[in-house]
Amino acid sequence: MQIRTVGVVGAGTMGNGIAQVLATHGLEVWLADVSETALTRGLEAIRNSLERLIRKGALPEDARHATLGRIHPTTVLAALAPCQLVVEAATENADIKQGIFKALDDVLPAEAILATNTSSISLTRIAAWSRRPERVIGMHFMNPVPVMQLVEVIRALQTDDATHAAVTGLAEALGKTPVTVRDGAGFVSNRVLMPMINEAAFVLYENLATAEDIDTVMKLGMNHPIGPLALADLIGLDTCLSIMDILYTEFRDSKYRACPLLVQMVQAGRLGRKSGQGFYRY
């Protein structure tokens, strides 16, 4: 199955990044969100990202116009009817995702693939929401999508081989490296990453060191390109908390208990870069 038309639901940080990469590689993309305002923000983020890549010499000058010309914004899910594949990239909330999957079932032809960019929710659970569970799969891109090479490809218990092959092939065509992962809370990336971020928050909460010094230890001592607290700000503290809560619920293990400081910061609206303040100010 050669995929040429793709829908992306959600024009936020992950959704607009996915749409950009798809369109840059010649695919026609329908980018859907609930409001014109969200779509405008998403398209502006794509323009800014393209400008940065062009300035760095990573893209030719004419890529800007060609890429944007292949992205079709819409607030109506029915507009995604021509798509062979739809990637859901909405907020990490099971109820919201379930509503999207049920709506897409009614819109898309039976042979279309439903993928999700979920970072932690069980794919087997998500597939059960659909009338085509064998054609549901995880396609977990990393942030920032245009730069990061990895795509976790997560098979639900129900996912068939043809769906897996099609999505793996698409990831490779996008210049990404797909890694197939069995279904399990947090998969590989967030099963390892989020407890590290949470532990860094505990270290700060216990006043063992400043945020800057904690990140310096991990950058210089462990050769990480970015410290865990700065990375949490980039991801979004609300997203980090949501993933920790899912891990805690799924495994019922206290080692996944979210740091009280992380909970408080989310309650205060200090979500990281997107709100202007998290562990750092922006």
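Model, not experiment: these values are computed from the prediction.

Enquirer: Before we go on, may I ask you to explain the environment of Leu104 in this structure?
Expert: Inspection of the secondary structure assignment puts Leu104 in helix H4 (residues 94-107). In this structure Leu104 comes out as buried when scored by relative accessible area, which is 1%. Counting along the chain gives 95 residues from Leu104 to Val9, while the straight-line C-alpha distance between them is 9.8 Å. In this structure Leu104 touches Val9, Leu77, Leu80, Val86, Leu114 and Arg132, once residues within four positions along its chain are discounted.

Enquirer: Help me understand the sheet that holds strand S6 (residues 136-141) in this model?
Expert: What the 8 strands build is an open sheet, ordered S3-S2-S1-S4-S5-S6-S7-S8; its pairing is mixed. Looking at the sheet topology across the chains shown, the edges are occupied by strand S3 (71-74) and strand S8 (177-182). On average, each strand axis in the sheet is tilted by 25° relative to the strand beside it, whichever way the strands run. Taken strand by strand, helix H2 (residues 36-55) contacts strand S2 (28-32) and S3, and its axis lies near 160° from that of S3.

Enquirer: Explanation requested: the UniProt feature "domain: 3-hydroxyacyl-CoA dehydrogenase NAD binding" (unreviewed entry) in the protein chain in the structure shown.
Expert: As annotated in UniProt, the feature "domain: 3-hydroxyacyl-CoA dehydrogenase NAD binding" (unreviewed entry) corresponds to residues 5-183 in the numbering used here. Helix makes up 40% of residues 5-183 and strand 22%, with an end-to-end C-alpha separation of 26 Å.

Enquirer: How do you make sense of the UniProt feature "binding site: CoA" (unreviewed entry) in the protein chain when you look at a structure like this?
Expert: The sites that carry the UniProt feature "binding site: CoA" (unreviewed entry) are, in the present numbering, Ser49, Lys56 and Ser119. Spatially, the listed residues are scattered: they cover 71 residues, and their C-alpha atoms lie as much as 29.4 Å apart. With respect to the helices and strands, Ser49 occurs in helix H2. Of the residues examined, Ser49 reaches a relative accessible area of 8% and is grouped as buried. Residues within four places of Ser49 in sequence aside, it is in contact with Gln20 and Pro146.

Enquirer: So what exactly am I meant to see when it comes to the domain arrangement of the protein chain here?
Expert: How big an interface is tends to be stated in terms of the accessible area lost upon association of its parts. Annotation of the protein chain at the domain level lists domain 1 (5-182) and domain 2 (190-275). Between domain 1 and domain 2, the contact holds 6 residues from the first and 5 residues from the second. When the two sides are added together, the surface that domain 1 and domain 2 hide from each other amounts to roughly 530 Å², 53% of it contributed by carbon and sulfur. Along the contact surface separating domain 1 from domain 2 lie 0 salt bridges. The tally of links from domain 1 across to domain 2 stands at 2 residue pairs in polar contact (both at pLDDT 80 or more).

Enquirer: Is there a simple way to think about the packing of helix H1 (residues 13-24) against H2 in this case?
Expert: Axes are the key here: two packed helices are described by the angle between their axes and the distance separating the axes. At a closest axis distance of 9 Å, the pairing of H1 and H2 adopts a crossing angle of 55°. Taken together, H1 and H2 sit at an angle that is classed as oblique. H1 and H2 meet at a crossing whose hand is right-handed. Listed contacts from H2 to Asn16, Ala19, Gln20 and Thr24 of H1 are Gly42, Ala45, Ile46, Ser49, Leu50 and Leu53. For the contact of H1 with H2, a count of residues per class yields 5 nonpolar, 5 polar and no charged.

Enquirer: Can you walk me through the packing of helix H10 (residues 237-251) against helix H11 (residues 260-267) in this structure?
Expert: Where H10 contacts H11, the axes come no closer than 9 Å and their chain directions differ by 130°. Considering the angle they form, H10 stands oblique to H11. Note that H10 runs across H11; the crossing there is left-handed. Packed against H10, whose contacting residues are Leu237, Asp238, Cys240 and Leu241, the element H11 presents Leu262, Val263, Met265 and Val266 at the interface. Here the contact of H10 with H11 is composed, by residue class, of 7 nonpolar, no polar and 1 charged.

Enquirer: Help me understand the pairing of strand S1 (residues 5-9) in this model?
Expert: On a regular strand, each side chain points to the face opposite its neighbour's, so the side chains alternate between the two faces of the sheet. By the criterion of burial, S1 is predominantly enclosed, with 5 of the 5 residues buried. Burial of S1 is two-sided: the residues Thr5, Gly7 and Val9 facing one way and the residues Val6 and Val8 facing the other way are all buried. Here S1 runs beside S2; their pairing, made up of 5 bridges, is parallel. The residue bridging Gly7 from the neighbouring strand is Trp30, located in S2. A crossover links S1 with its parallel partner S2, the connecting element being H1, and its sense is right-handed. Direction of pairing for S1 relative to strand S4 (residues 85-88): parallel, over a ladder of 4 bridges. Paired with Val8 across the strands is Val87, a residue of S4.

Here is what the cut-offs are and how they apply
Sequence order as written defines residue numbering, which begins from 1 separately in each chain. Local features in this predicted model are restricted to residues of pLDDT 70 or higher, and side-chain atom pairs are both shown and tallied only at a pLDDT of 80 or more, whereas totals for entire chains, interfaces and linings draw on every residue. Each side-chain value is derived from all of the structure's non-hydrogen atoms; neither hydrogens nor water enter the calculation. Strands are runs of DSSP state E lasting at least two residues, helices are runs of H or I lasting at least four, and both sets are numbered from the N terminus onward. Each residue is placed in one exposure class: buried if its accessible area under a 1.4 Å probe, protein chains only, is under 20% of its type's maximum, exposed if it is over 50%, and partly exposed if it falls in between. Note on definitions: a residue-residue contact is assigned when non-hydrogen atoms from the two residues lie within 4.5 Å. Whether two strands pair depends on DSSP finding at least two bridges between them. What counts as an axis is a line fitted to C-alpha atoms, over the stretch in contact for a helix, and the angles between N-to-C directions run from 0 to 180 degrees. UniProt positions are given in the numbering used here, feature names are shortened, and annotations may be inferred rather than shown by experiment. How far each domain reaches was decided by an automatic or database domain assignment. What gets called buried area is simply the loss in accessible area from a 1.4 Å probe that two parts show on being joined, summed for both. For salt bridges, the criterion is a side-chain nitrogen of Lys or Arg within 4 Å of an Asp or Glu carboxyl oxygen. In protein, a polar contact requires one atom able to donate a hydrogen and another able to accept it; more generally it is a pair of N or O atoms within 3.5 Å, and residues adjacent in sequence count only if both atoms are side-chain atoms. The cut-offs work like this: below 35 degrees is roughly parallel, past 145 is roughly antiparallel, 65 to 115 is roughly perpendicular, and the gaps in between are oblique. For any helix crossing, the convention is left-handed if the near helix is rotated counterclockwise from the far helix by under a right angle, and right-handed if that rotation is clockwise. In the scheme used here, Gly and all other residues not listed as nonpolar or charged are polar, with Ala, Val, Leu, Ile, Met, Phe, Trp, Tyr, Cys and Pro taken as nonpolar and Asp, Glu, Lys and Arg as charged. Orient the strands so they point away from the viewer; a crossover is then right-handed if the path from the first strand over the helix to the second runs clockwise.

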